[in-house]
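Fold and contact review
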Amino acid sequence: MEGLVHGGVRMFLSLVSRGAGGWSPQVTDRHPWLQLDLRDRIEVTAVATQGRYGGSDWVSGYLLLFSDTGRAWKQYRQEDGVGRFVGNVNADGVVHHKLSHSIRSRFLRFVPLDWNPSGWVGLRVEVYGCAYKSDVADFDGRSSLLYRFNQKSMSTVKDVISLRFKSRQAEGVLLHGEGQRGNYITLELHRARLALYLNLDDTRLRFSSGRVAVTLSSLLDDQHWHSVLIERFNKQVNLTVDTHTQHFRTKGEGDSLEVDYELSFGGIPLPGKPGTFLRKNFHGCMENLYYNGINIIDLAKRRKPQIYSGNVTFSCSEPQLVSTTFLSSSSSFLSLPATLSASGGFAVRFQFRTWNPDGLLLSTRLALEPQRLELQISNSRLRLTHHMSAQQKEEVSTGEGQQVNDGLWHSASLSSRGLQVTMTLDNEPSSTMELGDHMEAGDSLYFGGCPSLNVSGCENPTLAFQGCMRLFSINSQPMDLNLVHQGQLGDYKELQFDTCSIHDRCLPNFCEHGGQCSQSWSCFYCDCSGTGYTGATCHNSIYEASCEAYRLTGSSSGYFSIDPDGSGLLGPTQVYCNMTENKVWTVVTHNSTDPVRVQGSTLQNPYIMKFNYSASPEQLMALVSGSEQCQQEVMYSCRKSRLFNTRDGSPLSWWVDQGGERRTYWGGFLPGVQQCSCSLEENCMDMNYFCNCDADTDSWSNDTGVLSYKEHLPVSEIVIGDTNRTGSEALYRIGPLRCYGDKSVWNAASFYQESSYLHFPTLQAELSADISFYFKTSAPSGVFLENVGLKDFIRVELSSPFAVTFSFDVGNGPVVLAIKSHVPLNDRQWHYVRAERSVKEASLQVDQLPLRFLEAPSEGHLRLRLNSQLFVGGTAARQRGFLGCIRTLTINGVTFNLEERAKMTPGVSAGCPGHCSGSSSLCHNSGRCIEKNSGYVCDCSQSAYGGPSCKEGVSVSFNRESSVTYTFQEPFSVMQNRSFQASSVYRGNSRARESMAFIFMTTQSPAMLLTVSTFSQQYIAVILARNGRDTSRIITVGLCVFFTPPYTEFISIKSLTLGKVTVDTMDEEVMQAGSKGFIGCLSSVQFNHMAPLKAALLNRASSLVSVRGHLVESNCGALADSTIFHSQSGEEFGRGRGPLRNASQSNYAVIGGVVSAVVFISLCVVVVMTRFLYQHRQTRRDASIKEKEHRTNLETAYRREAAYRAEPAYRTEFRLHDSHSSTLNDNREYYI
């Protein structure tokens, strides 16, 4: 039904009719829509809908499509990519939608999706907008516009270029200009993306093939208008395509763009050869083309002399290319009759585009039943299959590099001649299949899928096709899809005609921290490999935020990667964590830690050294600000080299702080005092001076001090200016930056009144938010935090004594995740909560309980829009406030200072009372501190250690026949809790992370250490194995981890065995090691939160524990811990390379290991595996994962072992966590 245009500003269809009125389709209409012809292109800014007058007919949801010609429609998408518009809830109300970006079009189409279930479709509409005028030019692929300058060259420091275009091809030059000095600017379409090449005064790049383009947007060959804006000022450039903008700085040495003679639009003509072009020309239309305020198309239309218009016309020709969209991956299909061919055989040609790696393109039954042909996308390649019978088939495929799921249009053709059938993709060489007989197609050809009814000769091999198709030709006869749509030709289901609804879900890229985005038709995926982050959008850091956090996990001294701002913008950095003292020190090195001798410097020509640290300035600032205290030693020895001028006190040498400020104090924490440490300590060699060096003696003096005013640290530069006199020299050394403490870990607030709360600025979490904190309370319920907007909100609360709830609404309806505990959470003990929401999913974690995951809908609102303050410990309504303590509140990597805000808030106090609320670690090795009325106790039930402080290891000596098997009471699996009250658009899901750790000491190799088996015949085996070197004095060994990766998930764990294994379902090499058992000591065995060895010793009579052979409880674990302590002591930064030598001059090497921190070179390793256990054997590790694996530098420890002549024992940790990539079906092994 066509609408009417009433004026140039406001158009409507009987919105307020007083009589019966409105549009309602016939009940028999399968796919109704209402189309408006606005008579001319109009800039539409808003639409409004209303139900049919005086009835019960209305539309509750609809799509809005637009077109210039009434063909080739495009779906309008709102800001979040949402295509669905919310309609009416009754017949009389008006629902108004202001468009986030206007539509410039002549035709509009309203497509009802839902309507009143008690009535029918009824619609009245109103369209708001204004007249739109434009200057249009049509380029036929062989034409161009040349804009010639009045002078020889045009030099500009500022440029603004704007245009709108619609293209029929994925390639083509939009504009180009260049100068003799190497300047150039080129804007072109490449693979349906827009690429901008821009260079200023850099001749090296002019003739180089390595020109780098800035690319933006995609799918620009959809034959719809797209806007482009280029803004440049000096080297700063903004490139905007439609609603997406990219900012960058251009290459080159200058600030001006110098273009000689002319700018060309639509192609790059070859000088002196009219009609010849260097690159593929643009084929399509441009409008409103402006170069620095000059209307290029208007000049061309008026035939101005500075414009040359070769074969350009000034009206946009519209091709009649009708596309159809296959919407469903299970039920979409298009059936077309197979027309007769005069030459025999058959020929089929069509074009398609998709993101999916699999899908059926074409299926046809052959005249000789039951044979059939299938053309499908399989693993991103085109494959032709000839099914001769149920068991016999023949296949041909395109080459490895010819992937067709890239979103671009591809042309596929299939033809038979004689005894051959030929498959052709685009312009690539054809693939041919030999046939045993002549081939003729059946009555029908099925495109995209098969009907649900059992149609002979058509079966969906995996999935139906999801994507777009067009230009169907059967035996050289084009197929009219309009006839199909009208029911006059063929048949179809789940198709959308006259439109290609492909959507780029990687634009914008929601993968954070450099994650790579890929997509299918309905969703996108993020590859986080090598980024140091994990999660659905690479949001979560795989590293702890500080050395203090590593200590709390039970780690010992070593090199670690820390991520000071967690999920924030800063990446991880490697530091050394010294945990041998009561304080945990974080050590950051720089490029010049050795002593440096300086001579010949003056104040006019000083010696300058800049220090480059192993962390960036931003990372250093985050580390320093988050630490309780930092310090840096400055060693300065001098001979006739002063620090200060003794006449006026002006500095002759100084250092520069992290902010670039010059500092002249050389010790202590008093930045305003121009003194050295000896003055502060009152022990200078000459008390007439504030520094020893200022005495200016011929003998060596020393002014070493420790800088401890952390706001100035670290030292970024040192300047020395008084070593130019005879006999004058200085020797300095700037030590590494050393910090201790994590201010965030115990930053806490106590809430005493239900109406009290802390308020902070509005949460900035439109696309992603991760919230973590600890709490303890005796109250049955209370809101931990809340932030609300007009309709959106986010809230975390204790909803009952046994449940924590995370709820939010981004415009798709409220979503609720809840975790229920089997024990009360209001037990006055600390509990951990972590809630996360992203555009892909939401999750909730409480202590060690199974995680809750919910996937976000593929079509829905994405942005969380908040406008109120963030309330912590209560709500704006002062109801349901939290009573108790909250500490370590971190949101998106930012730790909130609760203590500072609590000092000025009634009903809230800084800190939290209790023995377990301090930063000192009262309980070790994952032991849990529990408050008591008169003190505290350590709960070691989830630790592999025992004793009052969970520090006493549980150890057992094994012989060759010994084994301990712990059978889990029920399949130890990740439980899938489904959310109650959750929106139906989210789907329940669960993921888990498992880890195991143990200490071992042995003289045997190979040896079976540990085996984990499942109910589905899967297993993990950890074996101590020789790696090839064996001499009488030196034996190098390695841990070998075997596992099976079947098609099912590794989530139903049956048992864990230590020592000898006799089952015959394992790999042969594993069986050989298992039959030899284990001779030595095993101690402190931990599997997730279970301690199977401790449980076996304490509950030998339990039916869950099976002990074979002779077991002796011993203190070998304490000996191992002692050995580890010795091996880890010594200089922090030593990097020994000595081998592990036999201490007793025998033919045996004592081999030991502690499975919790590291095995490197010989014995210790951190093995990271997926929960599915599908990883490939790794000969190289990613650099970022390698950082995490090499947590302790055990090479130095090995070298020291020979000196101690003690049996070594080492500690290793295995972590198994979720991953999405991998599909192997054979056993895998890791040699470490």
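Being a predicted model, the structure only gives us computed values, none of them experimental. (Residues numbered from 1 in each chain as written. Predicted model: local features only at pLDDT ≥ 70, side-chain atom pairs only at ≥ 80, totals over all residues. Heavy atoms only, no water.)

What follows is about the pattern of salt bridges. Where side chains of opposite charge bring their charged atoms close, a pairing between them can arise. Scanning the entire structure with this criterion turns up 44 salt bridges. Here Arg505 ties to Glu859 by a salt bridge, and the two come within 2.6 Å at their closest N and O atoms. With Arg505 in the loop between strand S39 (495-497) and strand S40 (516-519) and Glu859 in the loop between strand S66 (852-855) and strand S67 (870-872), this residue pair connects regions lying 354 residues apart in the sequence. Look at Arg505 and you get buried, because its relative accessible area is 13%. Between Arg725 and Asp696 there is a salt bridge whose closest N-O contact spans 2.8 Å. (Salt bridge = Lys/Arg side-chain N within 4 Å of Asp/Glu carboxyl O. Helix = DSSP H or I, 4+ residues; strand = E, 2+ residues; numbered from the N terminus. Buried < 20%, exposed > 50% of the residue type's maximum accessible area, 1.4 Å probe, protein only.)

Turning our attention to the UniProt feature "domain: EGF-like" (unreviewed entry) in the protein. Taking the numbering used here, the UniProt-annotated feature "domain: EGF-like" (unreviewed entry) corresponds to residues 502-539 and 913-951. As a span, residues 502-539 carries 0% helix and 26% strand, and end to end its C-alpha atoms are 27 Å apart. (UniProt positions renumbered as here; feature names shortened; annotations may be inferred.)

Taken as a whole and assessed by the stated rule, the structure comprises 35 aromatic pairs. A ring pair is formed by Tyr607 and Tyr732, whose centres lie 5.9 Å apart and whose planes are at 55°; its orientation type is tilted. Here Tyr607 is found in strand S48 (residues 607-610), whereas its partner Tyr732 is found in strand S55 (residues 729-734), with 125 residues between them in sequence. Measuring from centroid to centroid gives 6.2 Å for Phe998 and Phe1000, while their planes differ by 50°, and the two rings are tilted. The pair formed by Phe998 and Phe1000 is uniform in burial state, with each residue classed as buried. One aromatic cluster in this structure is built from Phe326, Phe350, Phe352, Phe447, Phe465 and Phe472. For the cation-ring pair, Lys840 lies above Phe524, with the distance from its terminal atom to the ring centre recorded as 5.0 Å. When the ring centre of Tyr774 is taken as reference, the NZ or CZ atom of Arg887 above it lies at 4.0 Å. (Phe/Tyr/Trp six-rings, centres within 6.5 Å; stacked < 30°, edge-to-face > 60°. Lys NZ or Arg CZ within 6 Å of the ring centre and 35° of its normal.)

This part covers the confidence of the model for the protein. For residues with low pLDDT, the predicted coordinates do not support detailed interpretation. In this model, the protein carries a mean pLDDT of 80, and residues with pLDDT of at least 70 account for 81%. Within the model, pLDDT remains below 50 along residues 1-19, and this stretch shows 54 contacts once partners closer than five positions in the same chain are excluded. Counted against residues more than four places away or in other chains, residues 1028-1038, with its pLDDT under 50, gives 30 contacts. (pLDDT = per-residue confidence, 0-100. Contact = heavy atoms within 4.5 Å.)

Further remarks concern the side chain of Arg77. Looking at the element boundaries, Arg77 is found in the loop between strand S4 (74-75) and strand S5 (84-86). The class of Arg77 is buried, set by a relative accessible area of 17%. Separated by 3.4 Å, the side chains of Arg77 and Glu859 make a polar contact. The contacts of Arg77, once residues within four sequence positions are left out, are Val82, Gly83, His101, Ser501, His503 and Glu859. (Polar contact = N/O pair within 3.5 Å; in protein donor to acceptor, adjacent residues only side chain to side chain.)

Moving on to helix H8 (residues 1068-1076). All of the buried residues along H8 are Val1070, Ala1073 and Gly1074. Buried residues in H8, looked at end-on, bunch into an arc of 100°, giving them a common side. Immediately downstream of H8, the backbone of Gly1077 shows phi near 65°, a positive value. (Arc of directions from axis to C-beta.)

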